[in-house]
Amino acid sequence: MNSKINIIEVENGNDKIGFNIEDNNYNIYIPKYYMKQNENEEESKLKIKKMFKAWNKYQKKNNSLLGKKYIKDNGIFDINTAMLLIQDYVENGLFIEQEKVYENTNIGKMNFKKTLDCCTPLYTKQGPIYLKYITNSKKENEESIIKQIQSLILRDISNNIGWIIGFAYNDIIPIKIDTNNNYLLKKLQELRDESFNSRKLYLIELLIKYIESNIATKDEEKGKIFIGMANLFWEDMINEVIGNVSKVDLEKYFYVRHAYTFENNNNNPLVLSSLMPDSVYKDEKNIIIIDSKYYINNSLPDNNDINKQIIYMLKANGIFPNHANYSNCFILPTDSENDEINNERIQAVLDLSIPNTPMNSINVLYANVEELLNKYINNEKNNEILKDLIIN
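Source: prediction; values computed, not measured. (Residues numbered from 1 in each chain as written. Predicted model: local features only at pLDDT ≥ 70, side-chain atom pairs only at ≥ 80, totals over all residues. Heavy atoms only, no water.)

J.: Go over the overall build of the chain with me, naming the residues and quoting the values.
T.: The helix and strand inventory of the chain stands at eleven helices and 15 strands. Split into buried and exposed, the 392 residues of the chain put 45% on the buried side. Long-range contacts, defined as pairs at least 24 residues apart, comprise 71% of the intrachain contacts of the chain with a sequence gap of at least 6. As displayed, the chain offers around 22000 Å² of accessible surface, 46% of which is attributable to carbon and sulfur atoms. (Helix = DSSP H or I, 4+ residues; strand = E, 2+ residues; numbered from the N terminus. Buried < 20%, exposed > 50% of the residue type's maximum accessible area, 1.4 Å probe, protein only. Contact = heavy atoms within 4.5 Å. Areas by Shrake-Rupley, 256 points an atom, 1.4 Å probe, with all protein chains shown as cover.)

Right, dumping it as structure tokens:
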């Protein structure tokens, strides 16, 4: 590949990670501290491929939660659908749509109804004889709309991410349809409604999902391929690698749901947006509330972040009053060249006193981004970062 790769580190947690292509060059938007300054091009490509694996895992988990509208409105590139389309192509090739063909010949099995309607017999004493009759057979519909759309999309995937995943699409066919995304979407939806073939329906659904993920509604995002926001990706990695409480149990035990009630209408309270910790580590003796913060350049969590951690700790103490050790921590990103920051203990010292509650200081911890990502894609659990907070 002769294209130039430009690495852009995302500074703000609300900014999106992903990539776009400009003038045959790739702009890769990645989390801060993942790449090193002195890496050569081959090392950078290898790390980008690992990042892509992590993005694919992240999307598999979270796109169904985000919903189709969010993905469409925010121009989120659906990696998982792209991979499924490649898998379908590798296993089955381009979609072949068979159509029934009728011919006036004397070779093959006769179609009696069409022969009686369309052919003139030779009458004999023994009855009519059809010297030529109508036969039916199947042949490929060379102008299949599905096949053309599939080819267009496979070419798009190959151009966008082929170099990352080792996929090159060369099975080019003539395209005789309008290539506008909205037109393609409409035609696929019409074909879906009139189809009963399971493989055909599966392929149509994948093609629809891919096109929808490519239709970004904001002009400034046209042509960009986004995976999601940097802070949400960071939270997911922390939860997968360090946390050990499932989402179901987080919602069951650690959700905080404030609400207003009204004197004359107690049955219809005004429920405020719920709060839930990003991750929790829990064993027989320890409960550690984790807040994953994508704060960089020596920035630290603010009052609102600290106050939420206090609320989570109070909730945990009420639900699990017999645990010996309660701890609270923020986990921020760092890199292997910034180890000196890990040697300086940072704590948020709480200016409050609540009797009989475990209101200790909140520790600020730093996780190495590259190490965390490697464990994330390999589905490894590791709580080493919490070793100073855990009691045995």
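J.: Can you tell me about the packing of aromatic side chains, naming the residues and giving the values?
T.: Within this structure, the stated rule accounts for six aromatic pairs. Judged by centre distance (5.5 Å) and plane angle (70°), the rings of Tyr89 and Tyr169 are edge-to-face. Separated by 80 residues along the polypeptide, Tyr89 in helix H3 (residues 79-92) and Tyr169 in the loop between helix H5 (145-165) and helix H6 (181-193) bring together distant segments of the chain. On the basis of relative accessible area, Tyr89 is assigned to the buried category, the value being 17%. Put simply, the rings of Tyr58, Phe233 and Tyr376 pair up and form one aromatic cluster. Between the NZ or CZ atom of Lys282 and the centre of the ring of Phe320, over which it lies, the distance is 4.8 Å. (Phe/Tyr/Trp six-rings, centres within 6.5 Å; stacked < 30°, edge-to-face > 60°. Lys NZ or Arg CZ within 6 Å of the ring centre and 35° of its normal.)

J.: How would you explain the nonpolar core if you had to name every residue and give the values?
T.: Membership of the largest hydrophobic core comes to 74 residues, with the highest contact counts inside it found for Trp55, Phe233 and Leu386. Top contributing element to this core by residue count: H5, with nine residues. With residues near it in sequence (within four places) discarded, Phe233 still touches Ile17, Pro31, Met51, Ala54, Trp55, Tyr58, Leu373 and Tyr376. Residues Val245, Leu332, Ala348 and Ile362 belong to the second largest nonpolar core, which totals 23 residues. (Core = buried A, V, L, I, M, F, W, Y, C linked by side-chain atoms within 4.5 Å.)

J.: Outline H6, supporting the account with residue identities and numerical values.
T.: With 13 residues, H6 should reach 18 Å at 1.5 Å per residue; the first-to-last C-alpha distance of 19 Å fits that figure. By the burial criterion, the buried members of H6 are Leu184, Leu185, Leu188 and Leu191. Down the axis of H6, the smallest arc covering the buried residues is 130°, so these residues share one side. Away from its buried face by more than 90 degrees, H6 exposes Asn182, Lys186 and Asp193. (Expected span 1.5 Å × (residues − 1). Arc of directions from axis to C-beta.)

J.: Could you give me a rundown of the pairing of strand E3 (residues 25-31), with the residues and numbers involved?
T.: Within E3, six of the seven residues are buried, which leaves the element mostly enclosed by the surrounding structure. For strand E1 (residues 5-10) and E3, the ladder comprises six bridges, and the chain directions are parallel. The residue of E3 that forms the bridge with Val10 is Pro31. Alignment of strand E2 (residues 16-22) against E3, held across five bridges, turns out to be antiparallel. Bridge assignment links Ile21 to a residue of E3, and that residue is Tyr26. (Pairing = 2+ DSSP bridges.)

J.: So, helix H10 (residues 303-319): which residues are in play, and what are the values?
T.: For H10, spanning 17 residues, the distance from its first C-alpha to its last is 25 Å, which sits close to the expected 24 Å at 1.5 Å a residue. Here the buried face of H10 lies against helix H9 (247-254), strand E12 (286-292), strand E13 (325-334), strand E14 (346-348) and strand E15 (362-368). The opening residue of H10 is Asp302, an N-cap whose side-chain oxygen sits 3.2 Å from the backbone nitrogen of Asn304. (Polar contact = N/O pair within 3.5 Å; in protein donor to acceptor, adjacent residues only side chain to side chain.)

J.: Let's hear about the side chain of Asn325: which residues, and what values?
T.: Of note, Asn325 is situated in strand E13. A relative accessible area of 12% means that Asn325 is categorised as buried. A polar contact is formed between the side chain of Asn325 and the side chain of Asn286, at a distance of 2.6 Å. Not counting chain neighbours up to four residues away, the residues in contact with Asn325 comprise Lys285, Asn286, Ile287, Leu389, Ile390 and Ile391.

J.: Lay out the sheet that holds strand E11 (residues 279-282) in plain terms, naming residues and giving numbers.
T.: Strand order in this open sheet of five strands is E11-E12-E13-E15-E14, and the pairing throughout is mixed. Looking at which strands have only one partner, the edges of the open sheet turn out to be E11 and E14. Recorded for the sheet is a direction-independent mean angle of 35° between the axes of neighbouring strands. Looking at chain direction, E13 and E15 are connected through six bridges and run parallel. Its bridge partner lying in E15, Ile331 is registered against Leu365. (Axes fitted to C-alpha atoms, helices over the stretch in contact; angles between N-to-C directions.)

J.: Could you give an account of the confidence of the model for the chain, with specific residues and numbers?
T.: Within the chain, residue pLDDT values average 80, and 79% of them lie at 70 or more. For residues 217-222, every residue scores under 50 in pLDDT, and the model assigns this stretch eleven contacts once sequence neighbours within four places are set aside. (pLDDT = per-residue confidence, 0-100.)

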